[in-house]
Amino acid sequence: MESILSKYIKVSPNEVKVWFKAASVGDFHENGGACVKYRDKQIAVFNFKRKGQWFACQNLCPHKMEMVLSRGMLGDENGIPKIACPMHKKTFSLETGENLNGDLDAIATYPVKIENDFVYIGFSE
Amino acid sequence: MKTIIVVGNGMVGYKFCEKFISKKGSENYKLIVFGEEPRPAYDRVHLSEFFENEDAKALELAPVSWYVDNNIDLITNERVTDIHRSGKTITTAKEREFSYDYLVLATGSVPFVPPIKGVEKEGVFVYRTIEDLEGMLAYAAKLKKTKPNAKAAVLGGGLLGLEAGKAVMDMGLEPHVVEFAPKLMPRQLDSRSSKVLQLKLESIGINIHLSKATNQILGNGTITGMEFGEDDTLNVDMLVVSAGIRPRDEIAKTCDLEMGVRGGIVVNNKMQTSDEAIYAIGEVALYNQMIYGLVAPGYEMAEVAAEHILGKDTVMSSEIDMSTKLKLIGVDVASFGEPFMPAAKGHSILFEDKTKSLYKRINVSHDGKKLLGGILVGDATDYNMLHQIYLNGMAIPENPEDLIIGARGEGGASFGSAMDLPDTAQICSCENVTKGTICGVIENGSCENFAEVAKCTKASTSCGGCKPMVVDLVNETLKSLGKEVKNSVCEHFDYTRQELYGIIKVKRLTSFDETLDACGKGDGCEVCKPVVAAIFASLYMDTANKEDVIQDSNDKFLANIQRNGTYSVVPRIPGGEITPEKLIIIGEVGKKYNLYTKITGGQRIDLFGAELNDLPAIWKELIDGGFESGHAYGKALRTVKSCVGSTWCRYGLDESVSFAIELEERYKGLRSPHKLKGGVSGCIRECAEARGKDFGVIAVEGGWNLYVCGNGGATPKHALLLTEKVDNETCIKYLDRFLMYYIRTAAPLMRTAAWLDKLEGGMEQLKKIVVKDSLNIADELEREMQFLVDAYECEWKQAIENENTKKRFNHFVNSDDRDDNLVFVPMREQKMPEHWGN
Ligand SMILES: Cc1cc2nc3c(=O)[nH]c(=O)nc-3n(C[C@H](O)[C@H](O)[C@H](O)COP(=O)(O)OP(=O)(O)OC[C@H]3O[C@@H](n4cnc5c(N)ncnc54)[C@H](O)[C@@H]3O)c2cc1C
């Protein structure tokens, strides 16, 4: 279980080495999420239309280790964009990955960019 | 800088640290904490929750970072072995030495294991630490593989033993509780209440063996049974010993501190031992010649010791309250004050209703003015209030029996509100928070709602038992200040669900963003989105396909998400009636997609373990076979359960199956504040258990009786009679009105029973509204319901017919691969998700 978690490490914009072309913008529901496969990783990508922003994070919820965050609900807590896990409603900041309603470990977040109507996710390897 | 060494990082040792660092002057002390267990302190009181989720972290009282942030050195996995009083040092099992100025012993206790021959055998456990539970789980899992109907016994029928009994039952073992005394919970209950409890426990499947002295544990290396006397044995495959506790006082012996005859470290009312620099708190401390096996006295000891070290002269209460409420087991049990009382001190009032497994006893002083104690079994709703009346010596009604059977006449409560308590009344005994403190933080403006009060005073943050009372105090205080008490939905909507329902209806809002713009702020969240989605459904019969991103987890994929992220599939089987052909179709689908199948309590079939990708194909086959969505995933009508009725049954008075089908077809797809269940029985034998449902219809001579607002679950409630002897049409008319009125006015996630509790005027008022139409809204309610009934569409049919909605069931957007993280293991010829950590 540790080994799955250790696959996911936060990537900051300045650490990006590979921009992975994931799918076209139209494949993502507005204000919803979808899961992208990159090598052996599962990445949850969110089209936070209401904020006009895109976010990406690990699909793995660190609470029960299920690959489900992309199926969660978007929202904000005092302005911080967050994702609520569909299993037990643990919420995580999409900016820092921090668990907002508990003491779980932070989730890894990844940069997203949109170019020519395509969604790219930034990885360091 | 002075050093305080705390030995033991359990509940009380932790509380000592928490209290100490919050006090003025603590910055001049360094805290070093030793814990023998491998992890930081956790919530032992809620230990049994570990069985539900195996989540040790969730029980943690504070993360390791808390100790670091507060400059506390926490050393886990290291036992303190010796105290050298003359040099003020201690040594540990790793032979390290540390000096102290003050030493606080919070070493707790160990389960007492009676010296029975054979207790060392494999399969015998105690119940105290996370490691104990892990051992039990592993053993039970192993057992079940070779022996599907394995049995487990618990030695000891006390508070903890019963909790352990429930735990082994939940592990899938046949539970037996073995008690030496002739009654259960001998320290808290009298014989009658213990009998009531016993019957109730037996009815939920726990076997009780009283007056049994265990001579020997049988088995060759591994337990196979228990022997009580000649020819009196019980075959069991596992045993949990829960026969009381013994203080862990061995390190005090090594340095000659004064000890009790039967163990425990003697302390004075400042928690000092016979050595002034050494304190003892929690279950190891012998205060007033007693060991207190409850957390609340331990917390008070922690407070006293912390204050005393800092130079204050706070002392421990001279009388310790041992009132308790049993948790978890699914039956209310509580005892407070003097549960049994010698006739010399006062008289007792008893109320017993065997048909309802109900027993209440109060003990009242001779002059009839004071409540001295009591026992509640079967219904402990009034425990908090009775306990407070006892603790504060408050005046009781002229007819003390009103306290347990309620004032006769129009529904009034026999005791006033929590506001009548004195300011000094201790509302939260775990955290020692008084009524004055709770009301005070609201009066001075620092808090405005329950969540803030809990955060700031810590009330209700430990066992949570006092929460209803704290909520009442908060609301009443707000009201008294002229502030509106609002159960607003969340930070994004400053309205209650009922208000939001009204706004959406009047403004004809139809999307979430539109609603936020019209009357909310921010971007919404996981609380308000499903609430708004449900309102759209209740007003316009919008299905979950319309705006899937605001649906709750299950609605979003029209299926129930399960432990490993797979889903379950439940086709509707109205009234539980199904043809052999349709049964075969379900069987074929189950086989083809390798699903675990089980009959549900609502008379239908649940297919588990479906992967997200497969859901549309599975439903295509079911829909082609004539099935529709069963809405098992929604806060919506689930099933209308039926008995076979006069069609076949020789006692049946009417066609219960036909009527159940009619009702289920009428209300299918109806979304509501919480799930809705119905039942129809063909006679008063009530085989459909209709009175355990939100609405229940029972055939009697002359028509149907309609009952409403019942439920099973954690707080079972029988539905109450709304109207008698009506025909089908009238029954439906009243049901339409009742359901619509509930949908309009209930708070989110409030079942009908809880809603009725909150409805001013209760059942009488509901009858007036529904039957007499006192609010003059009956026509409107019926019209609204008819609109919803006419607008029904199967949402699974919608979902698979539209390529765009179908897309959301792919696990990946950029690949057709499945989730490779899923692992299933075999289970009785079917499959189940693998446990994490296996
Ligand atoms: C299953 C269960 C359910 C319970 N339910 C309730 C309830 O509903 N209500 C209630 O009030 N109480 C309940 N209790 C009792 C409650 O948990 C205890 O009263 C409370 O934990 C006592 O706290 P403590 O700190 O004194 O002891 P503990 O929590 O046992 O902590 C003592 C710690 O000290 C450590 N230790 C011991 N010796 C040494 C040493 N020499 N060096 C280093 N470390 C040492 C131990 O390993 C342990 O971690 C329950 C207990 C159990 C087991």
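Rules used throughout
Residues numbered from 1 in each chain as written. Chains lettered and ligands numbered in written order. Predicted model: local features only at pLDDT ≥ 70, side-chain atom pairs only at ≥ 80, totals over all residues. Heavy atoms only, no water. UniProt positions renumbered as here; feature names shortened; annotations may be inferred. Helix = DSSP H or I, 4+ residues; strand = E, 2+ residues; numbered from the N terminus. Buried < 20%, exposed > 50% of the residue type's maximum accessible area, 1.4 Å probe, protein only. Contact = heavy atoms within 4.5 Å. Areas by Shrake-Rupley, 256 points an atom, 1.4 Å probe, with all protein chains shown as cover. Phe/Tyr/Trp six-rings, centres within 6.5 Å; stacked < 30°, edge-to-face > 60°. Lys NZ or Arg CZ within 6 Å of the ring centre and 35° of its normal. pLDDT = per-residue confidence, 0-100. Pairing = 2+ DSSP bridges. Axes fitted to C-alpha atoms, helices over the stretch in contact; angles between N-to-C directions. 1 Å grid on protein atoms, 1.4 Å probe; cavity = no way out; pocket = protein on both sides within 12 Å on 5 of 7 lines; lining within 4 Å. Points joined across faces, edges and corners; volume = space filled by probe spheres on them. Nonpolar A, V, L, I, M, F, W, Y, C, P; charged D, E, K, R; others polar. Polar contact = N/O pair within 3.5 Å; in protein donor to acceptor, adjacent residues only side chain to side chain. Core = buried A, V, L, I, M, F, W, Y, C linked by side-chain atoms within 4.5 Å. Domains from an automatic or database assignment. Salt bridge = Lys/Arg side-chain N within 4 Å of Asp/Glu carboxyl O. Parallel < 35°, antiparallel > 145°, perpendicular 65-115°, else oblique. Left-handed = near helix turned anticlockwise from the far one by under 90°.

Labelled according to an unreviewed UniProt entry, chain B appears under the name Nitrite reductase (NADH) large subunit, originating from Saonia flava. Within the UniProt record for chain B, the comment given under Sequence similarities (unreviewed entry) is "Belongs to the nitrite and sulfite reductase 4Fe-4S domain family." Recorded in UniProt under Subunit (unreviewed entry), the annotation for chain B is "Homodimer which associates with NirD."

In the annotation of an unreviewed UniProt entry, chain A is listed under the name Nitrite reductase (NADH) small subunit and assigned to Saonia flava.

**As for the overall build of chain A**
Counting its regular elements, chain A contains one helix and 12 strands. Secondary structure elements of chain A, listed N to C terminal, follow the sequence α-β-β-β-β-β-β-β-β-β-β-β-β. The proportion of buried residues among the 125 residues of chain A is 57%. Within chain A, contacts between residues at least 6 apart in sequence are counted, and of these 50% link residues at least 24 apart. Of the roughly 5,100 Å² of accessible surface on chain A, 46% is carried by carbon and sulfur atoms.

**A short note on the packing of aromatic side chains**
Both the distance between ring centres and the angle between the ring planes are used here to describe each pair of aromatic rings. Considering all chains together, one arrives at 28 aromatic pairs over all chains under this definition. Ring plane angle 50 degrees and centroid distance 5.4 Å describe the contact between Tyr110 of chain A and Phe123 of chain A, whose orientation is recorded as tilted. Taken together, the positions of Tyr110 of chain A in strand β10 (residues 109-110) and Phe123 of chain A in strand β12 (residues 118-123) put the pair 13 residues apart, joining distant regions of the chain. The exposure classification of Tyr110 of chain A matches that of Phe123 of chain A, with both residues buried. Between Phe493 of chain B and Phe512 of chain B, the ring centres sit 6.3 Å apart and the planes meet at 75 degrees, which makes this aromatic pair edge-to-face. Here Phe493 of chain B, found in the loop between α14 (467-480) and α15 (497-507), pairs with Phe512 of chain B, found in helix α16 (residues 512-519); they are 19 residues apart in sequence, far enough to count as distant. One exposure class covers both Phe493 of chain B and Phe512 of chain B, and it is buried. Three or more aromatic residues joined by ring pairs make a cluster, and in this case those are Phe557, Tyr567, Trp619, Trp796 and Phe809 of chain B. The ring of Phe112 of chain B has Arg246 of chain B lying over it, and the distance from NZ or CZ to the ring centre is 4.0 Å.

**Some words on the confidence of the model for chain B**
As a general rule, the predicted coordinates of low-pLDDT regions are not to be interpreted in detail. All names here are of chain B. The predicted model of chain B has a mean per-residue pLDDT of 90, with 97% of residues at 70 or higher. In the model, residues 407-414 has pLDDT below 50 throughout and makes 11 contacts with residues more than four positions away in sequence or in other chains. Predicted complex, confidence summary: ipTM 0.93, pTM 0.56.

**Section: the sheet that holds strand β2 (residues 29-34) of chain B**
All names here are of chain B. As summarised here, the arrangement of the five strands in space is β3-β2-β1-β7-β19, forming an open sheet in which the pairing is parallel. Among the strands making up the open sheet, the edge pair consists of β3 (72-75) and β19 (278-280). When strand polarity is set aside, the average angle formed by the axes of neighbouring strands in this sheet is 15 degrees. Strand contacts of helix α1 (residues 11-21): β1 (2-7), β2, β3 and β7 (102-105), with the helix running at about 165 degrees to β2, the strand carrying the most contacts. Packed on one face of the sheet, helix α9 (residues 295-309) meets β1, β2, β7 and β19 and runs near 160 degrees to β19.

**Considering the layout of surface pockets**
By volume, the second largest pocket amounts to about 300 Å³. Lining the second largest pocket we find 18 residues, and of these Gly33 and Ala34 of chain A together with Lys807, Arg808 and Asn810 of chain B sit closest to its centre. In terms of residue count, the dominant contributor to the lining of the second largest pocket is strand β2 (residues 33-38) of chain A (three residues). The residue inventory of the lining of the second largest pocket, partitioned by class, reads seven nonpolar, five polar and six charged.

**With respect to the side chain of Asp548 of chain B**
Residue placement: Asp548 of chain B occurs in the loop between α17 (528-540) and α18 (553-556). Within the local environment of Asp548 of chain B, its side chain forms a polar contact with the side chain of His29 of chain A, the two groups lying 3.0 Å apart. When near neighbours in sequence (up to four residues on either side) are disregarded, Asp548 of chain B contacts His29 of chain A together with Lys556 and Arg808 of chain B.

**Details of the sheet that holds strand β35 (residues 703-708) of chain B**
Residue and element names in this part refer to chain B. Spatially, five strands are ordered β32-β33-β34-β35-β36 in an open sheet, and the strand pairing comes out mixed. Each having just a single partner strand, β32 (637-642) and β36 (720-726) make up the two edges of the open sheet. Neighbour-to-neighbour, the strand axes of the sheet open up by a mean angle of 15 degrees, direction not taken into account. Relative to β35, strand β34 (residues 695-700) runs antiparallel, the two sharing six bridges.

**Describing the nonpolar core**
Residue and element names in this part refer to chain B. One finds Leu663, Tyr667, Leu766 and Trp796 to be the most contacted residues of the largest nonpolar core, which totals 110 residues. Looking at this core, you find at least three residues from each of domain 4 (497-556) and domain 5 (634-800). Not counting chain neighbours up to four residues away, the residues in contact with Leu663 comprise Val640, Val680, Phe695, Val697, Ile732 and Leu735. By size, the runner-up hydrophobic cluster in this structure holds 93 residues, among which are Ala252, Val364, Ile396 and Val441.

**What about the environment of Lys51 of chain A?**
Here Lys51 of chain A is to be found in the loop between β3 (41-48) and β4 (53-58). What makes Lys51 of chain A partly exposed here is its relative accessible area of 26%. Linking Lys51 of chain A and Pro81 of chain A, residues 30 residues apart in sequence, is a C-alpha distance of 8.5 Å. Here Lys51 of chain A is in contact with Asp76, Gly79 and Pro81 of chain A together with Asp523 of chain B, once residues within four sequence places are set aside. Among the polar contacts listed, one links the side chain of Lys51 of chain A to the side chain of Asp523 of chain B, at a separation of 2.6 Å.

**Things to note about the UniProt feature "binding site: [4Fe-4S] cluster" (unreviewed entry) in chain B**
All names here are of chain B. Mapped onto the present numbering, the UniProt feature "binding site: [4Fe-4S] cluster" (unreviewed entry) falls at Cys643, Cys649, Cys683 and Cys687. A maximum C-alpha distance of 11.1 Å among these annotated residues, which run over 45 residues, shows that they cluster at one spot. Within the secondary structure, Cys643 is located in the loop between β32 and α21 (656-667). Residue placement: Cys649 occurs in the loop between β32 and α21. In this structure Cys649 comes out as partly exposed when scored by relative accessible area, which is 28%.

**A short note on unusual backbone geometry**
Of note in this structure, Ser211 of chain B is not a glycine but carries a positive phi near 50 degrees. Assignment of secondary structure puts Ser211 of chain B in the loop between β12 (207-209) and β13 (216-218).

**Section: empty space enclosed by the protein**
With the rule as written, the count across this model stands at five cavities of 30 Å³ or more. Roughly 80 Å³ of internal volume is contained in the largest cavity. The computed volume of the second largest cavity comes to approximately 70 Å³. Each residue belonging to the lining of the second largest cavity can be placed in one class, and the counts come to three nonpolar, three polar and four charged.

**Considering the environment of Leu234 of chain B**
All names here are of chain B. With respect to the helices, strands and loops of the structure, Leu234 is situated in strand β15 (residues 232-235). Taking the C-alpha atoms as reference points, Leu234 and Ile217, 17 residues apart in sequence, are found 9.9 Å from one another. Leave out the neighbours within four places in its chain, and Leu234 touches His176, Val178, His209, Gly225, Met226 and Phe228.

**Comments concerning the pattern of salt bridges**
Applying the stated rule across the entire model yields 59 salt bridges over all chains. The salt bridge partner of Asp552 of chain B is Lys89 of chain A, with a shortest N-O separation of 2.7 Å. One end of the pair, Asp552 of chain B, is in the loop between α17 and α18; the other, Lys89 of chain A, is in the loop between β8 (80-84) and β9 (91-93), on a second chain. Exposure remark for Asp552 of chain B: the relative accessible area of 21% places this residue in the partly exposed category.

**Things to note about the packing of α15 of chain B against α17 of chain B**
All names here are of chain B. Between α15 and α17, the shortest axis-to-axis distance is 10 Å and the interhelical angle comes to 55 degrees. The angle between α15 and α17 places the two elements in the oblique class. For the pair α15 and α17, the crossing hand works out as right-handed. Here α15 contributes Arg497, Leu500, Tyr501, Ile504 and Lys505 to the contact with α17, which in turn contributes Val531, Val532, Ile535, Phe536, Ser538, Leu539 and Tyr540. Across the contact of α15 with α17, the residue classes tally to nine nonpolar, one polar and two charged.

**As for the environment of Glu782 of chain B**
Residue and element names in this part refer to chain B. Of note, Glu782 is situated in helix α25 (residues 778-791). Taking the relative accessible area as the measure of exposure, Glu782 reaches 22% and is therefore partly exposed. With residues near it in sequence (within four places) discarded, Glu782 still touches Lys733, Asp736 and Arg737.

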